[in-house]
Amino acid sequence: MRNGAFDSPIRHLRKDLQSVARDAEELLRATADVTNDRVQEARARTQKTVRQAFDNLYDRRMQRRVRKYARYTDAYVRDHTWSIIGAVAGVALLVGILTRRD
């Protein structure tokens with residue numbers, strides 16, 4: 001079961017992260033000849049962070065786990081539709097009452 005509403009934000013997040021990574025790599029290349037120790041430390045941290053972000057984003061195990069929880073949530077909401085609607089209405093009423101106070 002493919003959930004298009006869930007798949008689209010992940011696709012956009014990947015696209016945005018790829019843009020950030022390209023920009024970071026370009027910045028790293030531009031500062032490659034700078035020999036300042038602080039700049040070199042910042043470059044090393046940036047490379048490590050970008051690499052870890054890509055590893056986490058493309059981690060298949062994480063993607064499977066997120067999809068599994070999305071399926072569980074979808075099934076629960078479908079099985080308990082009226083309970084969910086009642087709970088959301090109650091929370092909305094409570095928030096409305098609390099925000100109405102002067």
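These numbers come from a predicted model, not from an experiment. (Residues numbered from 1 in each chain as written. Predicted model: local features only at pLDDT ≥ 70, side-chain atom pairs only at ≥ 80, totals over all residues. Heavy atoms only, no water.)

So, about the confidence of the model for the protein. The predicted model of the protein averages 80 in pLDDT, with 91% of residues at 70 or higher. Element-level pLDDT for the protein is lowest in helix H1 (residues 4-30), with a mean of 74, against a maximum mean of 91 in helix H4 (residues 81-100). (pLDDT = per-residue confidence, 0-100. Helix = DSSP H or I, 4+ residues; strand = E, 2+ residues; numbered from the N terminus.)

Our next topic: the pattern of salt bridges. Inspection of every chain in the model, using the stated rule, returns one salt bridge. The partner of arginine 78 in a salt bridge is aspartate 74, and the shortest N-O contact between them spans 3.0 Å. In this pair, arginine 78 and aspartate 74 both sit in helix H3 (residues 60-79), four residues apart, roughly one turn of the helix. Residue classification places arginine 78 among the exposed residues on the basis of a relative accessible area of 59%. (Salt bridge = Lys/Arg side-chain N within 4 Å of Asp/Glu carboxyl O. Buried < 20%, exposed > 50% of the residue type's maximum accessible area, 1.4 Å probe, protein only.)

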